[in-house]
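Close look at the chain arrangement
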Amino acid sequence: MCGIMGYLGERPAKDIIYTGLKRLEYRGYDSAGVAVLTKDVQTIKAVGDTSKLDLTKLPKSATIGIGHTRWATHGRPSAQNAHPHTYGDITLVHNGIIENYQDIKDSLKLSDLKSQTDSEVLAALINNNYQKGKISLIEALKRSLVEVSGTFGLVVMSPLESNQLLVARRGSPIVIGVGDIQNFVASDPSAIISHTDKVIYLEDDQIARVTRTSIEIFDLKLKHKNPNINRLSKSEAEATLGHYKTYLEKEIKEQPESLKNLMRGRVSQKGTVKLGGPNLDADDANNLEQILIIGCGTSYYAGLYAKYKLEEMLNMPVIVEHASEFRYRHGAYKSNSTLAIFISQSGETADVLASIQEAKRRHLKTMGIVNTIGSSVARAVEHGGIYLHAGQEVSVASTKAYSSMVSAILMFGAQLVYQRGGNSNITKEVAKELLMLPSEIKATFELHENIKKLTKQINHFEKWFYLGRNSLYPVALEGALKLTEVSYIHAQAFPTGEMKHGPISLVDNKHISILLLPEDETLYEKGISALEELIARGGTIFTISTRPKPKGSNYHLQVTYVGEYTEGLIYNICLQLLALEVATIRGVNIDRPRNLAKSVTVE
Ligand code: F6R
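Quick caveat, the model's predicted, so the values are computed rather than measured. (Residues numbered from 1 in each chain as written. Predicted model: local features only at pLDDT ≥ 70, side-chain atom pairs only at ≥ 80, totals over all residues. Heavy atoms only, no water.)

**Some points on the overall build of the protein chain**
Rule in force here: Note on conventions: DSSP H or I runs of at least 4 residues are helices, E runs of at least 2 residues are strands, and numbering of each starts at the N terminus. Every radius of gyration here is taken over C-alpha atoms, with the globule rule written as 2.2 Å times N^0.38, N being the number of residues. Note on definitions: a residue-residue contact is assigned when non-hydrogen atoms from the two residues lie within 4.5 Å. Exposure was quantified through the Shrake-Rupley algorithm and a 1.4 Å probe, taking into account, for residues, occlusion by the shown protein chains and nothing else.
Counting secondary structure elements, the protein chain contains 18 helices and 25 strands. Against the globule reference of 25 Å for 603 residues, the protein chain gives a C-alpha radius of gyration of 25 Å, in line with a compact fold. Based on the C-alpha atoms only, the size of the protein chain along its principal axes is roughly 80 × 55 × 45 Å. Within the protein chain, contacts between residues at least 6 apart in sequence are counted, and of these 72% link residues at least 24 apart. For the protein chain, the exposed surface amounts to about 23,100 Å²; the carbon and sulfur share of it is 48%.

**Things to note about the packing of helix α3 (residues 118-130) against helix α4 (residues 137-147)**
The cut-off we apply is this: Lines fitted to the C-alpha atoms define the axes, with helices restricted to the stretch that makes contact. Angles between their N-to-C directions range from 0 to 180 degrees. Each angle receives one of four descriptions, namely roughly parallel if under 35 degrees, roughly antiparallel if over 145, roughly perpendicular if within 65 to 115, and oblique otherwise. Helix crossings are classified by the rotation of the near helix relative to the far one: an anticlockwise turn of less than a right angle makes the crossing left-handed, while a clockwise turn makes it right-handed. In this classification, Asp, Glu, Lys and Arg are treated as charged, Ala, Val, Leu, Ile, Met, Phe, Trp, Tyr, Cys and Pro as nonpolar, and every other residue, Gly included, as polar.
Their axes nearest at 8 Å, the elements α3 and α4 cross at an angle of 125°. In terms of axis orientation, α3 runs oblique to α4. Helix-helix and strand crossings are classified by hand; for α3 and α4 the assignment is right-handed. Residues L125, I126, N129 and Y130 of α3 form the contact with α4, whose participating residues are L137, A140, L141, R143, S144 and E147. Looking at the contact of α3 with α4, its residues break down into six nonpolar, two polar and two charged.

**Considering the pairing of strand β6 (residues 90-95)**
Applicable threshold: Buried residues are those whose accessible area, probed at 1.4 Å on protein chains only, stays under 20% of the maximum for their type, while exposed residues exceed 50% and partly exposed ones sit between those limits. Two strands qualify as a pair provided DSSP detects at least 2 bridges between them.
In terms of burial, β6 is a largely internal element, six of the six residues being buried. By the alternation rule, side chains of β6 split into I90, L92 and H94 and T91, V93 and N95, which are all buried. With three bridges joining them, strand β5 (residues 85-87) and β6 adopt antiparallel strand pairing. Paired with H85 across the two strands is L92, which belongs to β6. Sheet topology places β6 next to strand β7 (residues 152-158); five bridges connect them, and they run antiparallel. The residue bridging N95 from the neighbouring strand is G153, located in β7.

**Here's the deal with helix α18 (residues 567-586)**
Rules: A helix is expected to span 1.5 Å for every residue after the first.
With 20 residues, α18 extends 30 Å between its outermost C-alpha atoms, agreeing within 8% with the 28 Å of an ideal straight helix rising 1.5 Å per residue. The element α18 is extensively covered by neighbouring structure, given that 17 of its 20 residues are classed as buried.

**Digging into the environment of K114**
For clarity, the threshold we go by: A 3.5 Å cut-off defines polar contacts: any pair of N or O atoms within that distance qualifies, except that in protein one atom must be a possible hydrogen donor and the other a possible acceptor, and neighbouring residues in sequence count only when both atoms are side-chain atoms.
Take K114: it is sitting in the loop between α2 (101-107) and α3. Between the C-alpha atom of K114 and that of N95, which follows or precedes it by 19 residues, the distance is 18 Å. For K114, the residues in contact, after removing those within four places along its chain, are Q80, T86 and E120. Of the polar contacts made by the side chain of K114, one reaches the backbone oxygen of T86; its length is 3.4 Å.

**What about the site of the ligand?**
To keep things clear, this is the line we draw: We call a residue near a molecule or strand as soon as one heavy atom of that residue lies within 4 Å of the molecule or strand. Domains are outlined according to an automatic or database domain assignment.
The full set close to the ligand counts 14 residues, and S299, S344, Q345, S346 and T349 are the nearest of them. Interatomic distance of 3.1 Å between a backbone N/O atom of T298 and an oxygen atom of the ligand. One of the side-chain N or O atoms of S299 is found 2.6 Å from an oxygen atom in the ligand. Protein contacts shield 90% of the accessible area of the ligand, which totals 410 Å² for the unbound molecule. Those elements giving two or more residues to the shell around the ligand turn out to be α9 (297-314) and α16 (472-487). For the shell around the ligand, a count of residues per class yields four nonpolar, eight polar and two charged. No fewer than three residues from each of domain 2 (247-441) and domain 3 (447-586) sit in the shell around the ligand.

**Considerations on the domain arrangement of the protein chain**
When its domains are assigned, the protein chain resolves into domain 1 (3-237), domain 2 (247-441) and domain 3 (447-586). For domain 1 versus domain 3, the distance between C-alpha centres works out to 46 Å.

What follows is the structure, encoded as structure tokens:
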């Protein structure tokens, strides 16, 4: 949430910061700003995305600076509330939330603030501790950070110590790019990958002092820590649109490839699944009594789909929790025999990170399913996990990560069945289906033109229900979320059988139901009964099924049946394309829907 970029070297800072911020805009795009340091600090700010910034107002001669692209938490999107914030001798950019900002404001009697942000209060606190340079800036920062509660990813600069950027982190990611007579700071590596592939991930409660030629890491007592330099791979951090108009479409269409990347070297034609990442020995695997899956949004829905399959595969209870709920819930889990799997595309979602801490506190085994290499979730879990290798997702609405998450958990389940001496046919069947998926998804893209045509006919509906039974219910939930996010339509998903327990009262001529009919004969028939009940009440029905159009359905898509474990992923492709087409007709900003941000690093 929010993007941070900092630079110090020998080149014009404003240009490097600007290009870095452009790559970070998917994290937030309410407002933006850049500040550079010569003798003084010069700052530009604008409401909207970075293209609104007038860089000509900043000097080319400045070779040190910081920038920010914002997703508002405290204070509405406005130029005043945009970062960087300057108070006295301190200029900073900040991601996260300072929870005790009001107390600090009161105790410092701050009446001259220019913004409504907690970040400006933090700048004032550091400035107050700095006392016009009576102590070193790093000492002032250290003293200030001890006083604040909440989360921060922070870069601070001051004209009184103009050869350094000070960086700090608690709960909000910060990465330092290691250059040659130049160094970089960013909230994620994609902003700096074009300059360097050597990075240091700052840990929580660490401070870094970065100059043009040195990087020193400290803990909150200013004790030196050894920096750990990691290598980035370009494909992980760089993404371009190519011939597509939107990242959403590009990422939907990348799924055959992203799934191949997930399975490469892990799933074999012989029907085996071998994952090197999960760190569970034979005893751990055999002693497992339940699995807990935790995530947010689309990642949560990927977990919910997996629940239906894992429970059957493993004959073991699988509980799925919203991370935002789990972190405050007091569920009863057996400590040593529960495996908690954390799913996250970004690997930086605040609620997921807090849930990992909570799971550790309860002595659960923790494992991650993560797309972003080296991210906080990947580093926080104790029993390894699975990297998705889906490539960067730029579109705020998640698509290719979802299919990879579902497939990754199925892979894990298939391996666990084998480890626990279960039915080896299950492992073989999962492997077979997974290997078929890339070509089956490609074949499903042939429905895209048809979906475009159908969308023109149904776009006017105001109320959208998504209905699915059994494992198609989480698919319905994810489909409704996708439509809601990118088209601003209020779409809601229900288990098909729940309609008559309430929601059916809403059915009228403004309403359309997207009804997912499964392959299973019995459940298909139950779906047809629901269809008839909806028709009887004047509803319009759009069916998706592996069979031809059923009687009474108004609109229909026929999809292929890959097999019992992966069937939902094919329906999901259709729902992703449907959301894309509705958003296209409605002319909204498809890759950056209003009010959202790609990685939610605040609670
Ligand atoms: C939906 C979407 C969000 C994310 C959620 C979790 O399209 O993008 O619902 O899925 O914020 O994010 P990660 O997976 O990064 O933890």
